[in-house]
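Observations on the three-dimensional arrangement
These are the residues of each chain, in order.
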Amino acid sequence: MRDLMNCRACGLCRERQNVVCPDGDPLSPVAFVGEAPGKKEDETGRPFQGRSGKVLDSLLEEEGVPRSSIFITNTVKCRPPGNRVPTREEMAACLPNLEEELQDRRLIVALGRTAASDLLRREVRLSEELNKVAKVTIRGREIDIVVTYHPAASFYNSKVKDALRQTIRIARTYLEGRGSASSKGI
Ligand code: URA
């Protein structure tokens, strides 16, 4: 395991208050990946604690998925100043950490375009790929991946919550050991 707490692999280390380590079940088959820590996460050292986290928590609860049953992390573990999008270089510097966290999962849920593009190593159009289970190779292992909206997108578009509910239902099938059930009709 890398020494995340003392990591200085990119410039984000200069302004952080805390390194935001992953949360939830370290052995969960399902990992949710967000973009980057925000202010609240920087203060607490835990992912998805602020407004986006509240949306995620309430949708997980509605769908009967305990937050403690999934693994939650971010593309980068330190807050980009002013909540800007992490740069490619920052995400690349943090990729070994992310790959180590994800290599043994059965499903990765990419929350938003930044996480999806980082994981799939290409530009992702959410409108075209939303809630479709695809494959990603991490350290030589093929893992299912589903891309969806970031919970913060629900602040501006009420339909986002429905898409996220659908995503969580897909995740639930993996948690229940039903694997790669088609997302249709879930
Ligand atoms: N947004 C993210 O992408 N990650 C967090 O941990 C919090 C907000």
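Above this text is the structure in question.
These lines cover the structure that appears in this document, whether it is placed above or below.

What counts and what doesn't
- Residues numbered from 1 in each chain as written.
- Predicted model: local features only at pLDDT ≥ 70, side-chain atom pairs only at ≥ 80, totals over all residues.
- Heavy atoms only, no water.
- Helix = DSSP H or I, 4+ residues; strand = E, 2+ residues; numbered from the N terminus.
- Buried < 20%, exposed > 50% of the residue type's maximum accessible area, 1.4 Å probe, protein only.
- Contact = heavy atoms within 4.5 Å.
- Near = heavy atom within 4 Å.
- Polar contact = N/O pair within 3.5 Å; in protein donor to acceptor, adjacent residues only side chain to side chain.
- Areas by Shrake-Rupley, 256 points an atom, 1.4 Å probe, with all protein chains shown as cover.
- 1 Å grid on protein atoms, 1.4 Å probe; cavity = no way out; pocket = protein on both sides within 12 Å on 5 of 7 lines; lining within 4 Å.
- Sits in = over half its atoms within 2 Å of the grid points.
- Core = buried A, V, L, I, M, F, W, Y, C linked by side-chain atoms within 4.5 Å.
- Phe/Tyr/Trp six-rings, centres within 6.5 Å; stacked < 30°, edge-to-face > 60°.
- Lys NZ or Arg CZ within 6 Å of the ring centre and 35° of its normal.

The next point concerns the environment of Val124. Among the secondary structure elements, Val124 is positioned in the loop between helix H4 (113–120) and helix H5 (126–129). Given a relative accessible area of 3%, Val124 falls into the buried group. As a C-alpha pair, Val124 and Thr114 span 10 residues in sequence and 8.5 Å in three-dimensional space. Ignoring sequence-local partners within four residues, the contact set of Val124 consists of Arg113, Ala116, Ser117, Glu129 and Val147.

If you check the shell around the ligand, you find Gly34, Glu35, Ala36, Glu41, Pro47, Phe48, Asn74 and His150 and nothing else. A distance of 2.9 Å is found between an oxygen atom of the ligand and a backbone nitrogen or oxygen belonging to Phe48. Measuring from an oxygen atom of the ligand, one finds a side-chain N or O atom of His150 at 2.8 Å. Burial of the ligand by the protein chains amounts to 92% of its free accessible area of 240 Å². Put simply, the ligand lies in the largest pocket.

When a protein is soluble and globular, its nonpolar side chains tend to lie buried together. Judged by nonpolar contacts, the single largest core of 20 residues is most densely connected at Val30, Phe32, Leu107 and Val109. The set of elements that each furnish at least two residues to this core consists of strand S2 (30–34), helix H2 (51–62), strand S4 (107–111) and helix H6 (159–175). Among the elements that line this core, the one with the most residues is H6, at 6 residues. Among the nonpolar cores identified, the runner-up in size contains 18 residues, and Ala110, Ala115, Ile138 and Ile145 belong to it.

Attention now goes to the packing of aromatic side chains. This model, assessed by the stated rule, comprises 1 aromatic pair. Ring centres of Phe155 and Tyr156 lie 6.1 Å apart, and the angle between their planes is 65 degrees; this geometry places the pair in the edge-to-face category. If you follow Arg51 out to its NZ or CZ, it ends over the ring of Phe155, 3.8 Å from the centre. The ring centre of Phe71 lies 3.9 Å from the NZ or CZ of Arg105, which sits over that ring.

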